[in-house]
Amino acid sequence: MMLKVLIVDDEPSNIQGLVRYIDWQGLGYDKPATMESGEEALEELRASTYDVLISDVSMPGMNGIELVAAAKKARPHIQVLMISGYNEFEFVQDAIHVGAQAYVLKPLKMEEVSSRLGGFRETLEKMRSIVEQTTELEKKVSESLKLVKERFVNDLIAEIPQTDDMLASWNSLMALPDVAAGFRILVFGLDHFLSPRQEAKDRILLGSGFKQTIEVGLSGTEPLFLAQITPDEVVALHFGQSPEERAKAEKRLPFIQNMMREQYGATVTVGSGRSGSRWEEVPLHYKEIKFMMAKARLISDGQIVRHDYMDRAEFQDFRLREEFMPTIVKLMESGDSAKVGAYMNRILDVLLAQEPASFSYVQAFGMSFLSELIRNLKWKDDANGEMNILMWRRMLDCGSTGQIIVLLVDYVDRYMTIEKKESMNQQHNLIKRIAASIEERLQENWTVKQLAEEFSLNASYLSVLFKREMGKTISEFVQETRIDRARELLKDPGIKVYEVADRVGIQTSAYFTYLFKKLVGCTPQEYRDYH
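(A) Quick peek at the side chain of Arg121. Relative to the helices and strands, Arg121 resides in helix H6 (residues 110-143). Among the residues examined, Arg121 registers a relative accessible area of 18% and is labelled buried.

Spelled out as structure tokens, the structure:
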């Protein structure tokens, strides 16, 4: 398929040179369309589809930068090659910022232009290939219910929120069972799968045979969603079963274990969960089964473990140590108050969901929780150490579940308030120092990476901090600061306009005029005449 290209330049000789001396057909392009103004080119781009735009930077009326910005809005995937003179490089920096992929300098070298066009063709072909592959993948996914069901189970276990819209989209790919009618999770785990005595080939065969054996063993017990989470773990979701159907499925579990032992010499531990009726319950049920299986394996392999034997208080203690505490400490240290609040609510929901949520249990949980917070979080002064002692005393004085909950929330809120204030002060002072450094070095040419290294920061992180604190990017701050300095200098008639440009670190008068008009609304000379 031949690509379409549009050339825009106010000098006809430049256009004719490109049309005549580039082997367009050999590069896979149709004969180019040509325009001599940005306004005319933009109308054509909006009316017709083009793959590549070649534009000069300096043109009367709409210049190349303005054309590229508008063209990218109309055709986001269009590839742009800018043409500029040696004294117009700062224009090119702006052009790349608005979406140009490449540039070439005058006088044009046709082999360089051809190389850029060849690169554009490769990029466009890759983009089309990705679109085609995505379309083909969507088709395969739609045709493969097994794959869809497996992905759905994986998403549930990974705690990806299943909103009404998300569930509706899943339902369009497959008929979701009525979860309110009940479900149960079965987890099958190969014992000692990662034994160093097993070779890679044997593991691949074992993992594949493992899933096939479970599929065969559970056939006829539908509705059933099956997913291989890892090579040594398969999860099955059974929906809406009667007691007779559940008993039938239970009888298949020893059959699966025997088949794996006979065919592969492998033992399988099976976990059978309790009943649920909401999609949101799946992750918790899965964690419960994994906990039961881990405990069972300490005694012997190849067991069938059922939820009836689980110690729920022990499981909650396990979740506190291994899940809740590491997560909330990490969130608190990150300083994201919204996420901390949401996760704290989640912990309390789990805590109060116990049957019954007795005062003694909540108090024991609260003391463990407070102890872990104090141990993991590093306060910055002795005063907060005194606050920890005060918190312990208040915990012992609590006489109700509600008081304990308020105490824990208060501790977390205090930490977040102090940390946020400290962090904001540090960031504010740092950005003030960086802004002052920029103002002192307006005449110098430096990169954001060099500036970040000077202050021992990552360049991307510095850009985010600067924008958050100043409300503008580093580039915007530099441009505005240069123009503000220029406005002061222009009030002195003894300094020529090109000298003003040089003093504020802008290398060419043309770019200075362009930038000044863009930010102030008039040219430097008009500004001087007015003032």
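Next comes the rest of the write-up.
(B) Representation of the environment of Val113 within the structure. Within the fold, Val113 resides in helix H6. Taking the relative accessible area as the measure of exposure, Val113 reaches 2% and is therefore buried. Note: C-alpha distance between Val113 and Ile22 (91 residues apart in sequence) is 8.0 Å. With near-sequence residues (within four places) excluded, Val113 lies in contact with Leu18, Ile22, Leu81 and Val104.

(C) Examining the sheet that holds strand S2 (residues 33-35) more closely. Taken in spatial order, the five strands line up as S2-S1-S3-S4-S5 in an open sheet, and their pairing is parallel. Unpaired on one side and paired on the other, S2 and strand S5 (102-105) mark the two borders of the sheet. Averaged over all neighbouring strand pairs, the angle between strand axes comes to 20°, with direction disregarded. Both strand S4 (residues 79-84) and S5 contribute to a ladder of four bridges, which runs parallel. Its bridge partner being in S5, Ser84 is matched across the sheet by Leu105. The sheet strands contacting helix H3 (residues 38-47) are strand S1 (5-8), S2 and strand S3 (52-56), and the helix crosses S1 at an angle near 165°.

(D) Focus on the packing of aromatic side chains. Taken as a whole and judged by the stated rule, the model has 13 aromatic pairs. Geometrically, the ring pair formed by Phe225 and Phe239 is edge-to-face, given 5.1 Å between the ring centres and 70° between the ring planes. Of this pair, Phe225 sits in strand S7 (residues 224-230) while Phe239 sits in strand S8 (residues 233-239); the two residues are 14 residues apart in sequence, bridging distant segments of the chain. Phe239 matches Phe225 in its accessibility class, with the two residues each being buried. An aromatic cluster of three or more residues is present, and its members are Phe152, Trp170, Phe225, Phe239 and Trp279.

Calculation criteria
Residues numbered from 1 in each chain as written. Predicted model: local features only at pLDDT ≥ 70, side-chain atom pairs only at ≥ 80, totals over all residues. Heavy atoms only, no water. Helix = DSSP H or I, 4+ residues; strand = E, 2+ residues; numbered from the N terminus. Buried < 20%, exposed > 50% of the residue type's maximum accessible area, 1.4 Å probe, protein only. Contact = heavy atoms within 4.5 Å. Pairing = 2+ DSSP bridges. Axes fitted to C-alpha atoms, helices over the stretch in contact; angles between N-to-C directions. Phe/Tyr/Trp six-rings, centres within 6.5 Å; stacked < 30°, edge-to-face > 60°.

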